[in-house]
Amino acid sequence: MALNPQYEDIGKGFVQQYYAIFDDPENRASVVNFYSATDSFMTFEGHQIQGAPKILEKVQVSEFNKIRIHTNIWILNELLFQSLSFQKITRVITTVDSQPTFDGGVLINVLGRLQCDDDPPHAFSQVFVLKTNAGTYFVAHDIFRLNIHNSA
């Protein structure tokens, strides 16, 4: 399969659609539809998960509810699907970089800042690999990290 010449438009369009759904509490659970039941992989803050059902199941487990920060502040991890307790998310996308893959997919790197409810804003990075399936795209790989550094 050839490189997709519209990879930049696909990347930017996907990011806009993904975060619009994710950031809307009424529609957040629908974001799981971007993932394949068996062929999607997610790494969220170092935790690896495979398949949409497992991704949805894993984000409901309590270990995803909090992240320990070096300053002993507990931040509610308001970043995944149905188990989220925050109501409002404010996200500023700094950059979206996309590259075509040799199988017709798209590699997307997102940098930005997000703030959940009244928590302080944090930088984040997220990488997606979109693969084609029957004329549509699904998220084959998703890696998310808050960019928090130990500055002590």
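Check the entry above for the structure.
Parameters at a glance
- Residues numbered from 1 in each chain as written.
- Predicted model: local features only at pLDDT ≥ 70, side-chain atom pairs only at ≥ 80, totals over all residues.
- Heavy atoms only, no water.
- Salt bridge = Lys/Arg side-chain N within 4 Å of Asp/Glu carboxyl O.
- Helix = DSSP H or I, 4+ residues; strand = E, 2+ residues; numbered from the N terminus.
- Buried < 20%, exposed > 50% of the residue type's maximum accessible area, 1.4 Å probe, protein only.
- Polar contact = N/O pair within 3.5 Å; in protein donor to acceptor, adjacent residues only side chain to side chain.
- Contact = heavy atoms within 4.5 Å.
- Pairing = 2+ DSSP bridges.
- Core = buried A, V, L, I, M, F, W, Y, C linked by side-chain atoms within 4.5 Å.
- Axes fitted to C-alpha atoms, helices over the stretch in contact; angles between N-to-C directions.

**Some remarks on the pattern of salt bridges**
Here is step 1: What the rule picks out here adds up to 2 salt bridges.
Here is step 2: A salt bridge links R91 to D23; the shortest N-O distance between them is 2.6 Å. Taken together, the residues R91 in strand β5 (residues 89–100) and D23 in the loop between α1 (7–22) and β1 (41–44) connect sequence positions 68 residues apart.
Here is step 3: Accessibility expressed as a relative area gives 15% for R91, which makes it buried.
Here is step 4: With a shortest N-O distance of 2.5 Å, K131 and D103 are connected by a salt bridge. Taken together, the residues span a long stretch of sequence, with K131 in strand β7 (residues 122–133) and D103 in the loop between β5 and β6 (106–116) at a distance of 28 residues.

**Details of the side chain of Q126**
Here is step 1: You can see Q126 is positioned in strand β7.
Here is step 2: Side chain to side chain, Q126 and Y19 meet in a polar contact 2.6 Å long.
Here is step 3: Polar side-chain contacts of Q126 include one of 2.9 Å to the side chain of D142.
Here is step 4: Once residues within four sequence positions are removed from consideration, Q126 is found in contact with Y18, Y19, I108, N109, V110, D142, I143 and F144.

**Points about the pairing of β1**
Here is step 1: As paired strands, β1 and strand β2 (residues 47–50) are joined by 4 bridges and run antiparallel to one another. Residue pairing in the sheet places F41 in a bridge with Q50 of β2.
Here is step 2: Counted along the chain from β1 to the antiparallel partner β2, the turn is 2 residues long, and its residue E45 has a positive phi close to 50 degrees.
Here is step 3: Where β1 lies against strand β8 (residues 136–146), 4 bridges are found, and the strand directions are parallel. Bridging from a neighbouring strand, T43 pairs with I143 of β8.

**A short note on the nonpolar core**
Here is step 1: By size, the foremost hydrophobic cluster in this structure holds 26 residues, and its most contacted members are F14, Y18, Y35, I108 and F128.
Here is step 2: Those elements that place two or more of their residues in this core are α1, β1, β6, β7 and β8.
Here is step 3: At 6 residues, the largest contribution of residues to this core is made by α1.
Here is step 4: If we skip the residues at most four places from it in the chain, F128 touches F14, Y18, Y19, Y35, V106, L107, I108, V110, V139, H141 and D142.

**A short note on the sheet that holds β5**
Here is step 1: Read from one edge to the other, the open sheet built from 6 strands follows the order β2-β1-β8-β7-β6-β5, with strand pairing classed as mixed. Of all strands in the sheet, those with a lone pairing partner are β2 and β5, marking the two edges. Going across the sheet, the axis of each strand differs from the next one's by a mean of 20 degrees, ignoring polarity.
Here is step 2: Along the sheet face, α1 touches β5, β6, β7 and β8 and points at about 155 degrees away from the line of β5.

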